[in-house]
Amino acid sequence: MDLIQSIKNLFKRGGYALAGLELKTLNDHPKINIDPKELARIKSSFSEYRGDHPQIEYFNSQGKLEKRDYMYINMMKLSAELLSGLVFNEQCEINISANKAEGTGTDSLSDAHKFIEHVFEHNDFKKNLMRYLEPTFATGGLTVRPYVNHDNGEIEFSWALADAFYPLRSNSNGISEGVMIFTTTKMKEKKTIYYTLLEFHEWKNDKYIVKNELYKSSNASEIGKETLLSEIYDEMEETAEINGLSRPNFNYLKPAGFNNISPLSPLGLGITDNSKPTLRKINNTYDQFNWEIEMGQRTVFVNDSVLQTMPAENGKPPKQVFDPKVNVYKSMRMSDKEKAIVDVTGDIRTQQYIAAINQSLKTLEMQLQLSVGTFSFDGKSVKTATEIVSENSLTYRTRNNHVNEVEKFIKGLIVSVLELAKFTNLKEGKRLYTGEIPSFEHIGVDFDDGIFTDKEAQLNFYGKAKSLGFIPAVEAIQRVFKVPKEVAEDWVRQMEAEQFAMDPMEIANRSSQSMFGNSE
């Protein structure tokens, strides 16, 4: 850092100390106005997703207040895990293709396809999306922003969950402006300092503006006071302008469905946000079941006349015991006419608890729009159905609703990556990408439907339909292999060329020409 920049930073530091913003919460910022109920809902969802439950307090038989751990089934995580696995996996294929340029036989978007393949491979995109989809379905949102790493000249991704992105401006088409939140800590003089970076994404006419603000606090529950970016991020600029973008640089994904809890909010709901009472009922029943097991050990009362007298240490009175190796016997004064040993152990209501939990799981299936039998409890753990193969099943239809949201998200991210690469200059003056920007229609995302569909049956069905003239070959290929129209048309041309090469007359003509040469 040169002398002039050091002097500038000194004046800036003084300016921040006098006039910098000081925020206790995000809503204290003049640009941010989020419904506090939405903030509380998202915070509560993350708490339940982590499995944060307070200990249970109770009075024991002697009237003493005791505490114990709360036993629960994390159905929020299990439901999100199931649905994320059904929606997306690494078998998903992404294709970018356009009509072949006339006379060239080349695809005008082949460079875009190769570039996106490289970017996604570099960022391990498919594996990361699989990982992030689970908390997305659980808590209601995911934001991904591409950026250029000038150290290696690669485009990389920043990922933000539901509690790290909030909208600034939105309409029926989506969120156009927003703020991403990144937190980090730093030890200073044996104290933990909490830093919060607010990254504002806004439009000013046709220019896309990214503004960074850094705050620090010694209190983890507060945002803190504005400070210099250089305290944490040495080379980060306060403001960056990007020209030529047609859409926001960030891409926001939310689960399918309407936010009925906060109808005016553009934020998404977690898939279980409308099922909180059912989740509590499942957890409470499971907790009671485990406590009954804990308290249900065998208990036997014995007449004190059959007890042995054990000498005590330290001069204390001797104790009477039945058998010092076991803890199921308790002494009780009885008459000589009564039984010397009485078993008072109660039966554990195992079947009743299992039935109650399974009934609540059926309610949860209905609320999540999943097929009957998706979840079942066997007394030890919750099982999930693995043989979900019907295209007519409720789970399949629900899954398709979420697939549509993920597909739009992936297409938007592809366009954002290519636009950023095309309009960003590296240090050498080169641009990462100079080709065309595809439209959504030129991007194909083939989600693996193997768990739902029988590919062989599907191939036979469309094959017969094509043979009977009920469907064009291009349409049949699209439906079976889930590829864009341009790719299907290219396949048809290749098949026609192969069939022409195998035609008997053509083979005979080539054989004749090889023997006698071309006729004049």
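All of the points below concern the structure found in this document. Predicted model only: the values in this text are computed from it and were never measured. (Residues numbered from 1 in each chain as written. Predicted model: local features only at pLDDT ≥ 70, side-chain atom pairs only at ≥ 80, totals over all residues. Heavy atoms only, no water.)

### Digging into empty space enclosed by the protein
In this structure the tally under the stated criterion is two cavities of 30 Å³ or more. For the largest cavity, the calculated volume is near 40 Å³. For the lining of the largest cavity, the elements supplying multiple residues, two or more each, are α3 (75-87) and α6 (276-295). Grouping the amino acids of the lining of the largest cavity by side-chain chemistry returns five nonpolar, three polar and one charged. The volume enclosed by the second largest cavity comes to roughly 30 Å³. In terms of lining, the second largest cavity is formed by Ile42, Gly140, Gly141, Ala162, Phe165, Tyr252, Leu267 and Gly268. Looking at the lining of the second largest cavity residue by residue, the classes come out as five nonpolar, three polar and no charged. (1 Å grid on protein atoms, 1.4 Å probe; cavity = no way out; pocket = protein on both sides within 12 Å on 5 of 7 lines; lining within 4 Å. Points joined across faces, edges and corners; volume = space filled by probe spheres on them. Helix = DSSP H or I, 4+ residues; strand = E, 2+ residues; numbered from the N terminus. Nonpolar A, V, L, I, M, F, W, Y, C, P; charged D, E, K, R; others polar.)

### Examining the layout of surface pockets
Taken as a whole, the largest pocket holds about 980 Å³ of empty space. If you trace the largest pocket, you find 28 residues lining it, with Tyr147, Val148, His150, Glu235 and Glu237 closest to the centre. Every element with two or more residues in the lining of the largest pocket is listed here: β5 (142-149), β6 (154-161), β10 (207-217) and β12 (239-242). With five residues, the single largest contributor to the lining of the largest pocket is β5. Residues belonging to the lining of the largest pocket are distributed by class as follows: eleven nonpolar, eight polar and nine charged. In this structure, the second largest pocket encloses a volume near 770 Å³. The wall of the second largest pocket is formed by 21 residues, among which Leu26, Lys43, Asp163, Ala220 and Ile223 lie closest to the centre.

### With respect to the environment of Glu213
Mapping Glu213 onto the fold places it in strand β10. You can call Glu213 buried: its relative accessible area is 6%. Put simply, Glu213 and Glu199 are 14 residues apart on the chain and 6.6 Å apart in space, counted from C-alpha to C-alpha. When sequence neighbours within four positions are dropped, the list of residues in contact with Glu213 reads His29, Thr196, Leu197, Leu198, Phe200, Glu226 and Leu229. Reaching out from Glu213, the side chain makes a polar contact with the side chain of Lys211 at a distance of 3.0 Å. Engagement of the side chain of Glu213 in a polar contact is seen with the side chain of Tyr215, the distance being 2.6 Å. (Buried < 20%, exposed > 50% of the residue type's maximum accessible area, 1.4 Å probe, protein only. Contact = heavy atoms within 4.5 Å. Polar contact = N/O pair within 3.5 Å; in protein donor to acceptor, adjacent residues only side chain to side chain.)

### Comments concerning α6
The end-to-end C-alpha distance of α6, which contains 20 residues, comes to 28 Å, matching closely the 28 Å that a straight helix rising 1.5 Å per residue would cover. Listed in full, the buried residues belonging to α6 are Lys276, Thr278, Leu279, Ile282, Asn283, Thr285, Tyr286, Asp287, Phe289 and Glu292. Of the surrounding elements, those touching the buried residues of α6 are α2 (36-50), β2 (56-59), β3 (65-68), α3, α7 (350-368) and β19 (375-377). (Expected span 1.5 Å × (residues − 1).)

### A short note on the side chain of Thr139
Looking at where Thr139 falls in the secondary structure, it is placed in helix α5 (residues 125-139). Among the polar contacts made by the side chain of Thr139, one reaches the main-chain carbonyl oxygen of Pro135 at a distance of 2.6 Å. Setting aside anything within four residues of it in sequence, one finds Thr139 in contact with Arg41, Ser45, Phe46, Ala162 and Gly270.

### Details of the packing of α2 against α5
For the pair α2 and α5, the least separation of the axes is 9 Å and the interaxial angle reads 125°. When the axis of α2 is compared with that of α5, the two are oblique. When you trace α2 past α5, the crossing you get is right-handed. Contacts between α2 and α5 involve Arg41, Ser45, Phe46 and Tyr49 on the former and, on the latter, Glu134, Pro135, Ala138 and Thr139. Counted by class, the contact of α2 with α5 contains four nonpolar, two polar and two charged residues. (Axes fitted to C-alpha atoms, helices over the stretch in contact; angles between N-to-C directions. Parallel < 35°, antiparallel > 145°, perpendicular 65-115°, else oblique. Left-handed = near helix turned anticlockwise from the far one by under 90°.)

### Here's the deal with the sheet that holds strand β13 (residues 251-253)
Taken in spatial order, the three strands line up as β6-β5-β13 in an open sheet, and their pairing is antiparallel. The outermost strands of the open sheet, each flanked by one partner alone, are β6 and β13. Each strand axis lies, on average, 25° off the axis of its neighbour in the sheet, ignoring direction. (Pairing = 2+ DSSP bridges.)

### Details of the pattern of salt bridges
A full pass over the atoms with the stated rule returns 17 salt bridges. Residue Glu38 pairs with Arg41 through a salt bridge whose shortest N-O separation is 2.9 Å. In this pair, Glu38 and Arg41 are both assigned in helix α2, three residues apart and thus about one turn of the helix distant. Overall, the relative accessible area of 9% leaves Arg41 in the buried class. Taking the shortest distance from any N to any O, the salt bridge between Glu134 and Lys77 comes out at 2.6 Å. With Glu134 in helix α5 and Lys77 in helix α3, the pair connects residues that are 57 residues apart, well separated along the chain. Among the charged side chains, a salt-bridge network with shared partners connects Glu38, Arg41, Asp273 and Lys276. (Salt bridge = Lys/Arg side-chain N within 4 Å of Asp/Glu carboxyl O.)

### Some points on the packing of aromatic side chains
To describe a pair of aromatic rings, one takes the distance between the centres and the angle between the planes. Considering all chains together, one arrives at 16 aromatic pairs under this definition. In this structure, Arg68 packs its charged tip against the face of Trp291, placed 4.4 Å from the ring centre. (Phe/Tyr/Trp six-rings, centres within 6.5 Å; stacked < 30°, edge-to-face > 60°. Lys NZ or Arg CZ within 6 Å of the ring centre and 35° of its normal.)

### Describing the nonpolar core
Among the nonpolar cores identified, the biggest contains 74 residues, and Leu129, Phe157 and Ile410 are the most heavily contacted of them. With eleven residues, the single largest contributor to this core is helix α8 (residues 394-422). Leu26, Ile42, Phe46 and Tyr166 belong to the second-largest nonpolar core, a separate cluster that totals 15 residues. (Core = buried A, V, L, I, M, F, W, Y, C linked by side-chain atoms within 4.5 Å.)

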